[in-house]
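Chains, contacts and geometry: an overview
The lines below spell out each chain.
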Amino acid sequence: MDIWEMLAVFAAGISAGTINTIVGSGTLITFPVLLATGLPPVTATVSNGLGLIPGSVSGAIGYRKELEGQGRRVLKLSVGALIGGLTGATLLLALPSTAFETIVPILVALALVLVILQPRISKAVQRRREHSGTPTRSDGGPLLFVGLMLASVYGGYFTAAQGIIYLSLMGMLLDDTMQRLNAVKNVLAAVVNSVAALFFLFVADFDWTAVVLIAVGSALGGQIGARIGRRLSPVVLRVLIVAVGTAAIVQLVLR
């Protein structure tokens, strides 16, 4: 990389760390930049995954206040994220690079629909629980665990828009605020990125320059994203998720 390419990767890392903490889909910024520097797709994916770990951790720390009282929930869901992330990382090396290209835009579109309808769905679920006398589970039950684990398989494979899928699932199955769910999303993303990266360290090629630049940039971006994201109202946050997700679908379809 020349100096301008390095600056572009660093700036992309800051942007990705910021948007990942607030919503998700930061990979849609860093991945094209890495490809533009000449890295092969799989090497770019692996380098990106390694570099985004500090950003995920930084974002989770920035949301530590919203994580209070969610220890058991986070621990249980993190187990599913770990299993899914490792599975996705394995699939990245075993499957053709185009394997998920068809289904990914469909998954993201479905997640956006769920985000838009989340208030109505949550109220309907709550009414049904009250009518049946079924108590609300703070961890979302088996359905959320399996759903997040499958989303983490995709996250370990590519990561783009994984946060949007997490938020749509949790918003539908958990009775909590968007900000607290966003805090959980950041922890789960950190788990997936970390387990996938540890796997890649031993079995895949990566570019250390790209990793370091994205790591430093995303760590800074994680703190910026936490400062901005924690001040957004649920409505604004939901609108931002839909806007970013729509842009993600367009880029994924045209790529």
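Reading the values: rules and limits
Residues numbered from 1 in each chain as written. Predicted model: local features only at pLDDT ≥ 70, side-chain atom pairs only at ≥ 80, totals over all residues. Heavy atoms only, no water. Helix = DSSP H or I, 4+ residues; strand = E, 2+ residues; numbered from the N terminus. Buried < 20%, exposed > 50% of the residue type's maximum accessible area, 1.4 Å probe, protein only. Contact = heavy atoms within 4.5 Å. Areas by Shrake-Rupley, 256 points an atom, 1.4 Å probe, with all protein chains shown as cover. Salt bridge = Lys/Arg side-chain N within 4 Å of Asp/Glu carboxyl O. Core = buried A, V, L, I, M, F, W, Y, C linked by side-chain atoms within 4.5 Å. 1 Å grid on protein atoms, 1.4 Å probe; cavity = no way out; pocket = protein on both sides within 12 Å on 5 of 7 lines; lining within 4 Å. Points joined across faces, edges and corners; volume = space filled by probe spheres on them. Nonpolar A, V, L, I, M, F, W, Y, C, P; charged D, E, K, R; others polar.

Things to note about the overall build of the protein chain
A tally of helices and strands in the protein chain yields 11 helices and 0 strands. The helix and strand sequence of the protein chain, counted from the amino end, reads α-α-α-α-α-α-α-α-α-α-α. Per-residue burial for the protein chain yields a buried fraction of 52% across its 255 residues. Excluding contacts between residues fewer than 6 apart, the proportion of contacts in the protein chain whose partners are at least 24 apart in sequence is 84%. With the model as given, the accessible surface of the protein chain reaches about 11500 Å², and the carbon-plus-sulfur share is 70%.

Some remarks on helix H4 (residues 53–62)
Summarising burial for H4: 7 of the 10 residues are buried, a large majority. Turning to H4, its buried residues number three or more, namely Ile53, Gly55, Ser56, Ser58, Gly59, Ala60 and Gly62. Buried positions along H4 lie against helix H1 (3–22), helix H3 (41–51), helix H9 (178–203) and helix H10 (208–229).

With respect to the pattern of salt bridges
On inspection of all chains with the given rule, the structure shows 3 salt bridges. As a salt-bridge pair, arginine 73 and aspartate 176 come within 3.0 Å of each other at their nearest N and O atoms. One end of the pair, arginine 73, is in helix H5 (residues 71–94); the other, aspartate 176, is in the loop between helix H8 (162–173) and H9, with 103 residues separating them in the sequence. On the accessibility criterion, arginine 73 (10% relative accessible area) is buried. When its relative accessible area of 21% is taken as the criterion, aspartate 176 is described as partly exposed. Salt bridges sharing partners connect three or more residues here, namely Arg73, Asp176 and Arg180.

Remarks on the nonpolar core
Within the largest apolar cluster, 54 residues are counted, with the highest numbers of intra-cluster contacts made by Leu144, Leu148, Met170 and Ile241. With 10 residues, H9 is the single largest residue contributor to this core. Contacts of leucine 148, omitting those with residues within four sequence positions, involve Leu77, Tyr166, Leu169, Met170 and Leu188.

Some words on empty space enclosed by the protein
Counted according to the given criterion, the structure contains 2 cavities of 30 Å³ or more. If you add up the space inside the largest cavity, you get close to 190 Å³. Asn20, Gly24, Ser56, Ala189 and Asn193 are the residues nearest the centre of the largest cavity, which is lined by 20 residues in total. Looking at the lining of the largest cavity, the elements that each hand over two or more residues are H1, H4, H8 and H9. Looking at which element gives the most residues to the lining of the largest cavity, the answer is H9, with 4 residues. Grouping the amino acids of the lining of the largest cavity by side-chain chemistry returns 3 nonpolar, 16 polar and 1 charged.

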